[in-house]
Amino acid sequence: MVKLYGSPTSTCTRLVALICKEKNIPYELIKVDLAKGEQKHAAFTANQPFGQVPYIDDEGFILYESRAIARYLVKNYPNQGTPGLIPADPKAEALFEQAASIEIFNFTTFVGPIVVEKVFKPLRGLQTNEERISELLVSLRPKLDAYDVILSKQKYLAGDSVTLADLTHLPYGTAFYGAGFSEEFDSRPNVARWWKDISNRPAWLAVKDGA
Amino acid sequence: MLKLYGSPFSTCTRLVALICKEKNIPYELIQVDLAKGEQKRPSYTALQPFGQVPYIDDDGFILYESRAIARYLIKKYPNQGASLIPTDPKAEALFEQAASIETFNFTAFVSLIVFEKVFKPRRGLQTNEDRIKELLATLVPKLDAYEVILSKQKYLAGDSVTLADLAHLPYGTLFYGVGYAELFDSRPNVARWWKDISSRPTWLAVKDGA
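Residues numbered from 1 in each chain as written. Chains lettered and ligands numbered in written order. Predicted model: local features only at pLDDT ≥ 70, side-chain atom pairs only at ≥ 80, totals over all residues. Heavy atoms only, no water.

A. Looking closely at the interface of chain A and chain B. Each partner contributes to the interface: chain A provides 30 residues, whereas chain B provides 30 residues. Summed over both sides, the interface between chain A and chain B buries roughly 2,800 Å², with carbon and sulfur atoms accounting for 64% of that surface. When contributions to the side of chain A that touches chain B are tallied by element, the ones reaching two or more residues are strand E4 (61-64), helix H3 (66-76), helix H4 (90-123) and helix H5 (130-153) of chain A. A per-class count over the side of chain A that touches chain B returns 17 nonpolar, 4 polar and 9 charged. (Contact = heavy atoms within 4.5 Å. Buried area = accessible area lost by both parts, 1.4 Å probe. Helix = DSSP H or I, 4+ residues; strand = E, 2+ residues; numbered from the N terminus. Nonpolar A, V, L, I, M, F, W, Y, C, P; charged D, E, K, R; others polar.)

Here it is, written out as structure tokens:
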């Protein structure tokens, strides 16, 4: 069974759990105590040198970086669960890679730090930097306008089938949506349609409140 | 012939040019005038909705995001030039791990430092030295982790060079050249790895202009 070392509420741990649900891959969540800094202890950093969650142990094969783990699991189990999360056709695959890169550089780059400011810092007793959030929103909005154009022509970010590139938006996107920024998605009709679709997938609902 | 729409000095355009050199793929660079905002015009955004460079037109197939373009070209031409994405499932997973490390544990910080130190002054804007300090404070432990990884293997994904190593070159070279060389050079394994990848003839061919 795949051992998933992480935290039930961590965004990146929940991405891996989501993919396991999509692909019907059983997994065992082994909790890493982030509050105690367990991820920075030598026993952890021996496997994950950056001291971050999650990592997996798949029959002795250690892998970290949630998107790398997601890709590995999708490719290792091609014949079960949701098909086509990474397309095989060369041009469809290229458009998936384009979408995967869009998620990182045109979405998570801004949404991630907004969520850190608005949600995570208060949880750690730190002060939210509202100016920084404003700057980040200014950068994010034209990107979401581009999303609305793309999604006016096709159902999902890489084409008309859902791929991993859509799903990777869910952990930070859900936190963003729920932290007072839902209007940024809801005011853009195609983004709103797409967001409602992916955020209601049963596999996401199964893990969104805890991997 | 592959058409590469971009700017000769753009980091992301030069990544695509580098991969073309690595894979012996001829390309035609069609210059997009960034100073005039050509990338924000409707004729451009019709093809690249984010108004960013580069994109390619490969016999009518339009693709953007430099790392996506790089992957597409590498996979399209498996039998020529360097082998930059492994096919063995575990080696491929370790490549994906390294590719993700580059984006989240390197470029996330290095690109913002380069933006403050290099791009803002060129646009007549003030460098925010406090922000650079914050970014460096986050980057330093990441480079310590690179040092550990690279003490055990030659490159970031294993003992063969992959796209994950090469993706560090455009921003990393600017970072190195604008006063932060010591951050690499003070870490023996990072220094060794950096010297290796930044001396590749293919990078030297495009580093000063795609």
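B. Region of the structure containing unusual backbone geometry. For the bond from Val53(A) to Pro54(A), the omega torsion is 0 degrees, close enough to zero to count as cis. Among the secondary structure elements, Pro54(A) is positioned in the loop between helix H2 (42-45) and strand E3 (55-58). Of note, the amide linkage connecting Val53(B) to Pro54(B) takes the cis form, showing an omega dihedral of 0 degrees. Look at Asn24(A): it is not a glycine, yet its phi comes out positive at around 55 degrees. The residue Asn24(A) is located in the loop between helix H1 (11-22) and strand E2 (27-31) in this model.

C. Representation of the sheet that holds strand E1 (residues 2-6) of chain B in the model. Residues and elements named next belong to chain B. Spatially, 4 strands are ordered E2-E1-E3-E4 in an open sheet, and the strand pairing comes out mixed. Of all strands in the sheet, those with a lone pairing partner are strand E2 (27-31) and strand E4 (61-64), marking the two edges. The mean inter-strand angle of the sheet, taken between neighbouring strand axes irrespective of direction, is 20 degrees. Pairing of E1 with strand E3 (residues 55-58) involves 3 bridges; the strand directions are antiparallel. Note on E3: the bridge partner recorded for Lys 3 is Asp 57. (Pairing = 2+ DSSP bridges. Axes fitted to C-alpha atoms, helices over the stretch in contact; angles between N-to-C directions.)

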